Amino acid sequence: MGLEERRRALVASLMEQGYLRSRRVAEAMMKVPRELFVPEDQREWTYDDRPLPIGFDQTISAPSIVAYMTELLNPLPGDKVLEVGTGSGYQAAILAELVSPGGFVWTIERIAQLAESARRRLESLGYGDRVKVVVGDGSLGYPEAAPYDKIMVTAAAPSVPPPLVEQLKPGGVLVIPVGPPYMQHLYVVRKGERGVEMWRDISVVFVPLLGKYGWGEQDR
Ligand code: SAM
């Protein structure tokens, strides 16, 4: 099977299993070539539903998790979105597809080398006009471009970082894994008219969010 056929089969299977629920997100996942976001020695597993190592002890998340979190976030054309944890840049590319036309994605990564290779990759794939990669501690958000319609965190936090809630627009949504290693749940936070509502969704396993509102080095 060629890569495109394998991508199509994966997307069909994610739809069947209920991870993908909308045509828009399925189309974005059909469009973005995941094989170009994984290291060459991992490429044969690109279209298996599993996370893959990308160096520096980090991973590109499993496609089912990317699909599920993207559906929860529901990025729309014109949205301003912040992603915390750029990694390979794959999730940022999916978000960029969904906020077009008119929207923009800021993605922040603490490991400069990962940020730089993601920036180059996103630019070479034509996302340079819709995505900005920033190096820094994303547990503080990115106040320079706030407020955001949507924020997605792709590393596990000990609790919801207050700056991320502050940087949401009224009506904005934050999706974030919260919990200790191997025991996390996705949380959906909505900044509603009557205050901040939060609910717990499925259990997940993510690498830790470090930084000021993340896990300290001693917790790893
Ligand atoms: N979204 C990524 C992708 O599509 O490839 C996968 C993200 S990976 C599971 C988690 C990333 O979060 C790692 O690259 C890690 O370095 C980053 N990270 C952890 N703590 C961070 C922080 N405080 N600020 C920014 N990035 C952080």
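See the structure shown above.
Model, not experiment: these values are computed from the prediction.

S.K.: Talk me through the overall build of the chain; I want residue IDs and the actual numbers.
M.R.: Across its full length, the chain carries 6 helices and 9 strands. With the C-alpha coordinates aligned to their principal axes, the bounding extent of the chain is approximately 50 × 35 × 35 Å. Taking all 220 residues of the chain together, the buried fraction comes to 51%. In the chain, the proportion of contacts linking residues at least 24 apart, taken out of those at least 6 apart, comes to 57%. About 10300 Å² of surface is accessible on the chain, with carbon and sulfur atoms providing 51% of the total.

S.K.: Help me get a handle on the pattern of salt bridges, residues and values and all.
M.R.: Within this structure, the stated rule accounts for 11 salt bridges. The closest approach of N and O atoms between Arg-23 and Glu-27, which form a salt bridge, is 3.4 Å. Note that Arg-23 and Glu-27 are positioned in helix H2 (residues 23-31) at a spacing of 4 residues, about one turn of the helix. Its relative accessible area of 66% is what places Arg-23 among the exposed residues. Judged by relative accessible area, Glu-27 falls into the partly exposed class, the value being 47%. Close ionic contact of Glu-123 with Arg-119 constitutes a salt bridge, the shortest N to O distance being 3.4 Å. You can see Glu-123 and its partner Arg-119 sitting in helix H5 (residues 112-124), 4 residues apart, about one turn around the helix. Its relative accessible area of 48% is what places Glu-123 among the partly exposed residues. Via salt bridges that share partners, Glu-116, Arg-119, Arg-120 and Glu-123 belong to a single interconnected network.

S.K.: Now, about a nonpolar patch on the surface: what can you tell me, with residues and values included?
M.R.: A contiguous nonpolar patch, built from Tyr-182, Met-183 and Val-205 and spanning about 410 Å² of accessible area, is present on the exposed surface. Structurally, the position occupied by Met-183 is in the loop between strand E7 (168-178) and strand E8 (184-192). On the basis of relative accessible area, Met-183 is assigned to the exposed category, the value being 58%.

S.K.: Help me get a handle on the site of the ligand, residues and values and all.
M.R.: Lining the immediate environment of the ligand, one finds 27 residues, of which Glu-83, Ser-88, Glu-109, Gly-138 and Leu-210 sit closest. Here a nitrogen atom of the ligand sits 2.8 Å away from a polar atom, N or O, in the side chain of Glu-83. Here Gly-136 contributes a backbone N or O atom positioned 3.5 Å from a nitrogen atom of the ligand. Within the complex, 99% of the 610 Å² of free accessible area of the ligand lies under protein.

S.K.: Residue-level account of the side chain of Asp-149, with values.
M.R.: Along the chain, Asp-149 falls in strand E6 (residues 148-153). A relative accessible area of 17% places Asp-149 in the buried class. One polar contact links Asp-149 to Lys-169, side chain to side chain, over a distance of 3.3 Å. The residues touching Asp-149, leaving out its near neighbours within four places in the chain, are Gly-78, Asp-79, Lys-80, Leu-168, Lys-169, Gly-172 and Val-173.

Reading the values: rules and limits
Residues numbered from 1 in each chain as written. Predicted model: local features only at pLDDT ≥ 70, side-chain atom pairs only at ≥ 80, totals over all residues. Heavy atoms only, no water. Helix = DSSP H or I, 4+ residues; strand = E, 2+ residues; numbered from the N terminus. Buried < 20%, exposed > 50% of the residue type's maximum accessible area, 1.4 Å probe, protein only. Contact = heavy atoms within 4.5 Å. Areas by Shrake-Rupley, 256 points an atom, 1.4 Å probe, with all protein chains shown as cover. Salt bridge = Lys/Arg side-chain N within 4 Å of Asp/Glu carboxyl O. Patch = residues over 30% accessible without salt bridge, like charges linked within 9 Å, V, L, I, M, F, W, Y side chains within 5 Å. Near = heavy atom within 4 Å. Polar contact = N/O pair within 3.5 Å; in protein donor to acceptor, adjacent residues only side chain to side chain.

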